[in-house]
Amino acid sequence: MSLIAARKRIFAITISVCAVCGICAQNNAVLRADKPGAAVRSTMYGIFFEDINFGADGGLYAEMVKNRSFEFPQSLLGWKSFGQADVLEEGGPFSRNPHYVRLTPSEHSEMRTGLENEGFFGVTLTKDSLYKFSAFMRAPEGAGIVRVELCNPAAMGETQTLAEHTFDVSSPEWTKYTAVLKPDADVKKGVLRLFVEQTDRNRPVDVEHVSLFPGATWKNRPGGLRRDLAQALYDLRPGVLRFPGGCIVEGTVPSQRYQWKNTVGPVENRPLNKNRWLDCFAYRLFPDYYQSCGLGFFEYFQLAEDLGAEPLPVLNVGLVCQYQNDVCQQIPLDSLQVFIQDAVDLIEFANGSTDTTWGRLRADMGHPEPFNLKVMAVGNEQWGPEYIERLEPFVRELRRQHPEIKIIGSSGPNSEGDDFDFLWPEMRRIGVDLVDEHFYRPESWFLSEGTRYDDYPRKGPKVFAGEYACHGEGKKYNHFYTALLEAAFMTGLERNADVVEMATYAPLFAHVEGWQWRPDLIWFDNNDCVRTSSYYVQQLYCQNRGDRVLPLTMDGKSVAGLEGQNGLFASAVSDGDDIVVKIANTGETEQPFTLHIRGLKKSKPLLHLTETRLSAADDAENTIERPDVVVPVTVTSVIDVSDEWSTVVPARSFIVYRFKH
Ligand code: AHR
């Protein structure tokens, strides 16, 4: 045999061996279509909302007036007053928000008395849009005239006024006055101005709960949510909504913990709470960051329902934020009952019949049907024996009264380490249903944790990855590479859907002028919002969740960026008749990839492929100015595959392949 013939023969043998064993070519993966594994729950991928970064007031909650009830510790913070404006406390209409302002007109026809509100980073108005103004007012002496204006203080034209309305306030009783205002020009940093007109008898007018909402809110609910931000949440199709925090559940001191009962009922009487993100970072201080609680527990439940997501409230366990307190201020064990009762009452508020106290309130607020609460977390990022001794009585009582509700415990603030190692066995012993794990970790962690859950015990509490995000080393912002690593890591969540029942990225929102923490999923200013690369990763997972995990391996191992796997991470699910394969190539070179599909009926080959790709330069970032730098791109093609399919996965890309028959 000639040398050439011998070479040809070796080549032919090699090809046929590869075809048989399927392992010689690079990146051969085996997908078992005939061996569906764990069910993927509807709650698998979700969102975590916390009022951080002006996510609620100044964000999702569409109220445009800051300090609308004059309850900030400095009563006129956010306001400028002129003339004789006095803050009073006795005789207001709302017992839990007692302050109001008395405006007494001047005797001089060219001197004025009034208030001007700066809004949240400005009162931002759009020409010809409608804005709903309201205020509670009374005329103690039986008559008064109040003018309300939307203004551009920096206007160069003859007038600053963009829209106005005059109220004849004649009743000495507190009355709600409303008007719809339509500005005739745009303004970014506008103000709301309100002043008493000079009258012959200089009679004062009292003003309380001054409010301005865009006419168009999410689902057009009065006093509702910002439409574009709620729409961005809806477009994710999240399976679960965790709320309201995070550290704000804990509070810096016990009195500032989040108390859900203060956040329901008429908004005018929901007491103000300090937001712990106001001053916890001295280098990012926001002295005017308070919670009006206009976005409260009713609204959270309603939002979850709108989104088709399961509501997941987090309750204070009787501990303040342990990060913020070297000596943790603990609620004594014999005073814990009120905290436990809050949890029990919350279940009644969400699920109870309308003839119960809290169920009736839910109905009075407009939702007689139950909200179908199934799971709650007790404690956020708590740790140590002080957490355990408080969690236990909660679990005992909740199990006794509400065995139908699943309980989530915490594994502390870290993804590993002493607290984590102490808490997990305790959670097993106590018998919580899920354990909340948090990981804000660098690139190296995400690259090395692809198999984190492969060896987790299959018995006992399940995992809720309640807060996570890849924090780039030296680059803590939403650039593409970190999003790619989140996508890569999430293949491990999906593969282990029998252990990991839920996962929620964090935090959700950030105002570009008011953030304390980044990266975040969605950035916004007063006009626009921008969906980050991480948003699109979450969206691709939410929208391609599937129903059962399908085993996908390379050389019998999970595809998880392991040695010899060339930076590839992958997982697969069935979705009805479809097969969905997610692949992240975290490497710097493109990778050939061959899928050997086992168990597909030859009579039913895969005939269509939809490929959705997220790919960009490492530092690429979506911003308000350039929101579409990193967006998913979908292409559909015709294929004919019954057992093998090959592709090339570009460097630094995350791709969802959906195969259809
Ligand atoms: O998401 C921001 C914060 O991170 C949360 O409030 C807290 O739970 C965690 O430390």
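Per-chain numbering applies: the sequence of each chain, read as written, is numbered from 1 onward. pLDDT decides what is reported in this predicted model: residues at 70 or higher carry local features, side-chain atom pairs at 80 or more are listed and counted, and totals for whole chains, interfaces and linings draw on all residues regardless. No hydrogens and no water enter the side-chain calculation; it runs on all heavy atoms of the structure.

A. The arrangement of the overall build of the protein chain in detail. Note on conventions: DSSP H or I runs of at least 4 residues are helices, E runs of at least 2 residues are strands, and numbering of each starts at the N terminus. The secondary structure content of the protein chain amounts to eleven helices and 35 strands. Only the C-alpha atoms count toward the radius of gyration. The rule for a globule is 2.2 Å times the residue count to the power 0.38. On C-alpha atoms alone, the protein chain measures out to a radius of gyration of 29 Å, which is about the 26 Å that the 2.2 N^0.38 rule sets for 661 residues. If you line up the protein chain on its principal axes, its C-alpha atoms span 120 × 65 × 45 Å. The cut-offs for exposure are 20% and 50% of the maximum accessible area for each residue type, with area from a 1.4 Å probe on protein chains only; residues under the lower value are buried, those over the upper are exposed, and the others partly exposed. When burial is assessed residue by residue, the protein chain has 59% of its 661 residues classed as buried. Whether two residues are in contact is decided by their heavy atoms, any of which lying within 4.5 Å being enough. Put simply, 77% of the contacts in the protein chain that link residues at least 6 apart link residues at least 24 apart. Of the roughly 25900 Å² that the protein chain leaves accessible, carbon and sulfur atoms contribute 50%. Only four residue types enter the tally: Lys and Arg on the positive side, Asp and Glu on the negative side, with His and both chain ends excluded. In this description, the location of a charge corresponds to atom NZ of lysine, CZ of arginine, CG of aspartate or CD of glutamate. When the 68 positive and 89 negative side-chain charges of the protein chain are each reduced to one mean point, those points stand 7 Å apart. Only the protein chains shown count as covering a residue, and every accessible area follows the Shrake-Rupley method with a 1.4 Å probe.

B. How the structure looks around the layout of surface pockets. Reported here for the largest pocket is a volume of approximately 600 Å³. Buriedness for pockets is judged along seven lines, at least five of which must meet protein on both sides within 12 Å for an open set on the 1 Å grid over protein atoms alone, while cavities are sets there where a 1.4 Å probe fits but cannot get out, and lining residues have an atom within 4 Å of a point. Forming the boundary of the largest pocket are 34 residues, of which Arg221, Pro222, Gly223, Gly224 and Val267 lie nearest the centre. When residues of the lining of the largest pocket are traced back to their parent elements, those giving at least two are strand 8 (131-138), strand 11 (175-181), strand 13 (205-214), helix 4 (297-307) and helix 6 (357-364). Residue classes follow a fixed rule: Ala, Val, Leu, Ile, Met, Phe, Trp, Tyr, Cys and Pro count as nonpolar, while Asp, Glu, Lys and Arg count as charged, and any other residue, Gly among them, counts as polar. Residue composition of the lining of the largest pocket, grouped by class: 14 nonpolar, twelve polar and eight charged. Grid points are joined across faces, edges and corners, and a volume is the space filled by probe spheres set on the points. Each pocket or cavity is described by its volume, and for the second largest pocket that value is around 420 Å³. Along the walls of the second largest pocket sit 21 residues, with Met64, Thr124, Pro214, Arg226 and Asn526 positioned nearest its centre.

C. Representation of empty space enclosed by the protein in the model. The tally for this structure, following the rule as stated, stands at four cavities of 30 Å³ or more. Within this model, the largest cavity holds a volume of roughly 170 Å³. Together, 21 residues line the largest cavity, and Asn67, Arg68, Phe72, Leu272 and Ser292 are the ones closest to its centre. For the lining of the largest cavity, the per-class residue count stands at ten nonpolar, four polar and seven charged. Its boundaries defined by the atoms lining it, the second largest cavity holds a volume of some 90 Å³.

D. Structural context of the site of the ligand. The near set for a molecule or strand comprises every residue that places at least one heavy atom within 4 Å of it. Lining the immediate surroundings of the ligand are Phe48, Glu50, Gly246, Cys247, Trp277, Asn380, Glu381, Tyr440, Glu467, Pro507 and Trp517. The term polar contact refers here to a pair of N or O atoms within 3.5 Å; inside protein, the definition further demands a hydrogen-donor-capable atom paired with an acceptor-capable atom, and it admits residues adjacent in sequence only when both atoms are side-chain atoms. In this structure, Glu467 approaches the ligand through a side-chain N or O atom, which is 2.7 Å from an oxygen atom. Burial of the ligand by the protein chains amounts to 97% of its free accessible area of 280 Å².

E. Molecular detail of the pattern of salt bridges. Salt bridges are counted wherever a side-chain nitrogen of Lys or Arg sits within 4 Å of a carboxyl oxygen of Asp or Glu. Overall, the coordinates contain 44 salt bridges when judged by the stated rule. A salt bridge links Asp454 to Arg495; the nearest nitrogen and oxygen atoms lie 3.2 Å apart. Taken together, the residues Asp454 in the loop between helix 9 (443-448) and strand 21 (462-470) and Arg495 in helix 10 (residues 480-495) connect sequence positions 41 residues apart. Take Arg495: its relative accessible area is 16%, and that puts it in the buried class. Among the salt bridges present, the one from Asp575 reaches Arg658, with a minimum N-O distance of 2.9 Å. Placement of the pair is Asp575 in strand 29 (residues 568-575) and Arg658 in strand 35 (residues 653-660), with a sequence separation of 83 residues. Residue Arg658 is classed as buried on the basis of its relative accessible area, which comes to 13%.

F. Local environment of the sheet that holds strand 27 (residues 552-554). Pairing between strands requires that DSSP locate at least two bridges from one strand to the other. An order of 28-27-1-31-34 is seen for the five strands of this open sheet, with the pairing classed as mixed. Both outer strands of the open sheet, strand 28 (557-558) and strand 34 (644-649), are each paired with one neighbouring strand and no more. Pairing of strand 1 (residues 28-32) with strand 31 (residues 591-598) involves five bridges; the strand directions are parallel. Counterpart to Ala29 in the pairing with strand 31 is Leu595.

G. Summary view of the packing of helix 5 (residues 337-351) against helix 6. Helix 6 packs onto helix 5 with a crossing angle of 40° between their chain directions and a minimal axis gap of 7 Å. The pairing of helix 5 with helix 6 is recorded here as oblique in orientation. As for how helix 5 packs across helix 6, the hand of that crossing is right-handed. Contact residues: Asp345, Glu348, Phe349, Ala350 and Asn351 in helix 5; Thr357, Trp358, Gly359, Leu361 and Arg362 in helix 6. Fitted lines through C-alpha atoms give the axes, limited to the stretch in contact for helices. The angle between two N-to-C directions lies from 0 to 180 degrees. Roughly parallel means an angle under 35 degrees; roughly antiparallel means over 145; roughly perpendicular covers 65 to 115; every other angle is labelled oblique. Crossings are sorted by hand: turned counterclockwise from the far helix by less than a right angle, the near helix makes the crossing left-handed, and turned clockwise it makes it right-handed.

H. A look at the environment of Asp279. Position of Asp279 among the secondary structure elements: in the loop between strand 15 (273-274) and strand 16 (290-291). On the accessibility criterion, Asp279 (35% relative accessible area) is partly exposed. Sequence separation of Asp279 and Asn414 is 135 residues, and the distance between their C-alpha atoms is 23 Å. Look past the residues within four positions of Asp279 in its chain and what remains in contact with it is Lys274 and Leu285. Only 2.9 Å separates the side chain of Asp279 from the side chain of Lys274, close enough to count as a polar contact.

I. Structural detail: the pairing of strand 19 (residues 406-410). Taking burial as the measure, the five residues of strand 19 include four buried ones, the bulk of the element. Of the pairings in the sheet, the one linking strand 18 (residues 375-378) to strand 19 comprises three bridges and is parallel in character. Residue Val375 lies in a different strand from strand 19, and its bridge partner there is Lys406. Regarding topology, helix 7 (residues 384-401) serves as the crossover connection from strand 18 to the parallel strand 19, and that connection is right-handed. Bridge analysis of strand 19 against strand 20 (residues 434-441) gives three bridges, and the strand direction is parallel. Bridge pairing in strand 20 links Ile408 to Leu434. By convention a crossover is right-handed if, when the strands point away from the viewer, the path from the first strand over the helix to the second runs clockwise.

J. Expanded view of the sheet that holds strand 11. Ordered in space as 4-5-13-8-11, the five strands form an open sheet in which the pairing is antiparallel. Each end of this open sheet is capped by a strand with a single partner; those strands are strand 4 (84-88) and strand 11. Strand-to-strand, the axes of this sheet are offset by a mean angle of 35°, without reference to chain direction. The pairing of strand 5 (residues 100-104) with strand 13 spans three bridges and is antiparallel. Along strand 13, the bridge assignment pairs Val101 with Val207.

K. The packing of helix 4 against helix 5, seen in detail. It is the contact of helix 4 with helix 5, at a shortest axis distance of 11 Å, that shows an interaxial angle of 50°. In terms of orientation, helix 4 lies oblique with respect to helix 5. Viewed along their axes, helix 4 and helix 5 form a crossing whose handedness is right-handed. In contact with Phe297, Phe298 and Phe301 of helix 4, helix 5 contributes Leu346, Phe349 and Ala350. A breakdown of the residues in the contact of helix 4 with helix 5 according to their chemical character gives six nonpolar, no polar and no charged.

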